[in-house]
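# Notes for the structure review
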Amino acid sequence: DGRRYAERIVAASEHMAALIDNLLRLSRLSRAEMHLDPVDLGAEAAQIAAELADEDPGRHARFAIQHPVEVRADRALIRMVMHNLLGNAWKFTSGRDDALIEFGTTPAGDAPVCYYVRDNGAGFDPAYAHKLFSPFQRLHPASEFPGTGIGLAIVRLIVERHGGRVWAEGAVGAGATFYFTIDAEESA
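A brief structural summary. Worth saying up front: this structure is predicted, and the values here are computed from it rather than measured.

### Some points on the environment of Val172
- Structurally, Val172 is set in the loop between β6 (166–170) and β7 (176–180).
- The exposure class of Val172 is exposed, given its relative accessible area of 65%.
- In sequence terms Val172 and Phe124 are 48 residues apart; their C-alpha atoms lie 4.5 Å from each other.
- Discounting residues that sit within four places of it in the chain, Val172 has contacts with Ala122, Gly123, Phe124 and Asp125.

Shown next as structure tokens:
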């Protein structure tokens, strides 16, 4: 019994440390100086897809990535956006043999271009879409899909610092699509 209690304490401590680290990262992102440069999001997406596949060589997922997709953004910050969105798509398609993860652009009513990451994974209940981008709000149990619930809050913060907005559509068991816009002229 003592060993089991100690293991639970260690696991809870590690989880708390991860939460604190993520809060600190979120805080730093809100103050970090931005350097806007041309970035090919398609190339970034392809590189991140290769990294995800290398980290889990036994896993198969098909990626459909639009090339080139040019944007003016802070390279390090926009890479975090892409890594979080593609990493989530990778994570939430883990139960599918036919996993498909897409990155591309689509027309948007209020922006010249809208970027998206789409997957055919676990999806989410659209009634709770408003919770997705708040820190520590999870729509799936940690036992099913690991994480701290901070990744999409980071995405929102970075996109908003780039003068854009982010939103999601999805359905339980039918995948999810995350959209974002960037307006370099409105960047904070």
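### Some details on the environment of Pro126
- For Pro126, the location among the structural elements is in the loop between β5 (114–119) and α4 (151–161).
- Taking the C-alpha atoms as reference points, Pro126 and Glu169, separated by 43 residues in sequence, lie 6.7 Å from one another.
- Residues within four places of Pro126 in sequence aside, it is in contact with Gly170 and Ala171.

### What to know about the nonpolar core
- Leu41, Phe178 and Phe180 are the most contacted members of the largest nonpolar core, which totals 40 residues.
- Secondary-structure elements contributing two or more residues to this core are α2 (41–55), β3 (70–74), α3 (75–92), β4 (100–106), β5, α4, β6 and β7.
- If you tally residues by element for this core, the top one is α3, at eight residues.
- Setting aside anything within four residues of it in sequence, one finds Leu41 in contact with Val69, Val71, Ile78, Met82, Phe103, Tyr115 and Phe180.

### Some remarks on the packing of aromatic side chains
- For the structure shown, the criterion picks out six aromatic pairs.
- An angle of 55 degrees between the planes, with centres 6.4 Å apart, marks the rings of Tyr116 and Tyr179 as tilted. Linking Tyr116 in strand β5 with Tyr179 in strand β7, this pair joins segments that are 63 residues apart in sequence. Assigned by exposure class, Tyr116 and Tyr179 land together as buried.
- Between Phe133 and Phe178, the ring centres sit 6.1 Å apart and the planes meet at 80 degrees, which makes this aromatic pair edge-to-face. One end of the pair, Phe133, is in the loop between β5 and α4; the other, Phe178, is in strand β7, with 45 residues separating them in the sequence. The pair Phe133 / Phe178 is uniform in exposure class, with both members buried.

### A few points about the pattern of salt bridges
- Across all of its chains, the model carries seven salt bridges by this definition.
- The shortest N-O distance in the salt bridge between Glu51 and Arg79 comes to 2.7 Å. Taken together, the residues span a long stretch of sequence, with Glu51 in helix α2 and Arg79 in helix α3 at a distance of 28 residues.
- Overall, Arg79 belongs to the partly exposed group, its relative accessible area being 21%.

### Quick look at the sheet that holds β6
- The strand order across the open sheet formed by five strands is β2-β4-β5-β7-β6, and the pairing between neighbours is mixed. Edge positions in the open sheet fall to β2 (62–65) and β6, since each of these has one partner strand only. Pairs of neighbouring strands in the sheet enclose a mean axial angle of 15 degrees, with direction left out of account.
- Of the pairings in the sheet, the one linking β5 to β7 comprises five bridges and is antiparallel in character. Within the sheet, the bridge partner assigned to Asp119 lies in β7 and is Ala176.
- Against the sheet, α2 touches β2, β4, β5 and β7, its axis set at about 170 degrees to β2.
- Its contacts with the sheet put α3 on β2, β4, β5 and β7, and the angle it makes with β7 is roughly 170 degrees.

### Considering the packing of α2 against α3
- Where α2 meets α3, the axes come as close as 10 Å, and the angle between the chain directions of the two elements is 50 degrees. Between α2 and α3, the interaxial angle falls into the category oblique. Between α2 and α3 lies a crossing whose hand is right-handed. Along the contact surface, α2 presents Leu41, Glu44, Ala45, Gln47, Ile48, Glu51, Leu52 and Ala53, while α3 presents Arg75, Ile78, Arg79, Met82, His83, Leu86, Gly87 and Trp90.
- Across the contact of α2 with α3, the residue classes tally to nine nonpolar, three polar and four charged.

About the thresholds
Residues numbered from 1 in each chain as written. Predicted model: local features only at pLDDT ≥ 70, side-chain atom pairs only at ≥ 80, totals over all residues. Heavy atoms only, no water. Helix = DSSP H or I, 4+ residues; strand = E, 2+ residues; numbered from the N terminus. Buried < 20%, exposed > 50% of the residue type's maximum accessible area, 1.4 Å probe, protein only. Contact = heavy atoms within 4.5 Å. Core = buried A, V, L, I, M, F, W, Y, C linked by side-chain atoms within 4.5 Å. Phe/Tyr/Trp six-rings, centres within 6.5 Å; stacked < 30°, edge-to-face > 60°. Salt bridge = Lys/Arg side-chain N within 4 Å of Asp/Glu carboxyl O. Pairing = 2+ DSSP bridges. Axes fitted to C-alpha atoms, helices over the stretch in contact; angles between N-to-C directions. Parallel < 35°, antiparallel > 145°, perpendicular 65-115°, else oblique. Left-handed = near helix turned anticlockwise from the far one by under 90°. Nonpolar A, V, L, I, M, F, W, Y, C, P; charged D, E, K, R; others polar.

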